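Structural overview for review
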Amino acid sequence: MEILSKEEKTYLSILALQEGDSNQAGFLTDVLSQDNSSADHIEEVIDLYTELGVIEKTEQAIKAHYTNAAQILDELPSSDYKTDLLTYFSKLKNREF
């Protein structure tokens, strides 16, 4: 399984392409278009993500989606389905990335 793949655009890579300048976007596009990513490329991409702040922006987006979902779940009437959804929601929210 490739960590960086041209077939799979992640939120991080899409955001980095939007936030980066033309050189940064070109670098990322080149790395993503390669069939195999070296450990050096992976480190460089992580550094780029950090420099552009996309990791923090992604974490903020995740929190916003969870907050929105929690508000919607709170509005549902009590039921076994709601209990199951809350259990699933809790597992998703507390998972490690």
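This write-up is about the structure you can find in this document. (Residues numbered from 1 in each chain as written. Predicted model: local features only at pLDDT ≥ 70, side-chain atom pairs only at ≥ 80, totals over all residues. Heavy atoms only, no water.)

1. Here we look at the overall build of the protein
Helices and strands together make up the secondary structure of the protein, namely five helices and zero strands. Order of helices (α) and strands (β) in the protein, N terminus to C terminus: α-α-α-α-α. In terms of overall size, the protein is more extended than a compact globule, its C-alpha atoms giving a radius of gyration of 18 Å where 97 residues would be expected to give roughly 13 Å. Principal-axis analysis of the C-alpha atoms places the extent of the protein at approximately 50 × 25 × 20 Å. In the protein, which comprises 97 residues, the share counted as buried stands at 26%. Counting contacts in the protein only where the partners sit at least 6 residues apart, residues at least 24 apart contribute 57% of the total. With the model as given, the accessible surface of the protein reaches about 7,300 Å², and the carbon-plus-sulfur share is 53%. Counting 8 positive and 19 negative side-chain charges, the protein places the centres of these two groups 9 Å from one another. (Helix = DSSP H or I, 4+ residues; strand = E, 2+ residues; numbered from the N terminus. Rg over C-alpha atoms; globule rule 2.2 N^0.38 Å. Buried < 20%, exposed > 50% of the residue type's maximum accessible area, 1.4 Å probe, protein only. Contact = heavy atoms within 4.5 Å. Areas by Shrake-Rupley, 256 points an atom, 1.4 Å probe, with all protein chains shown as cover. Lys, Arg positive; Asp, Glu negative; His and termini not counted. Charge placed at Lys NZ, Arg CZ, Asp CG, Glu CD.)

2. Some points on the nonpolar core
Core analysis: the largest hydrophobic core is formed by ten residues, namely Leu15, Ala16, Leu28, Val31, Leu32, Val45, Leu48, Tyr49, Leu52 and Val54. For this core, the secondary-structure elements that each account for two or more residues are helix 1 (11-19), helix 2 (22-33) and helix 3 (39-52). Top element by residues in this core is helix 3. It accounts for four residues. Sequence-distant contacts of leucine 48, defined by excluding residues within four places in its chain, comprise Gln24, Phe27 and Leu28. (Core = buried A, V, L, I, M, F, W, Y, C linked by side-chain atoms within 4.5 Å.)

3. Thoughts on helix 1
Restricting attention to buried positions, one finds in helix 1 the residues Ser13, Leu15 and Ala16. All buried residues of helix 1 lie within an arc of 165° about the axis, which places them on one face of the element. Where helix 1 is buried, its residues meet helix 2, helix 3 and helix 4 (54-75). (Arc of directions from axis to C-beta.)

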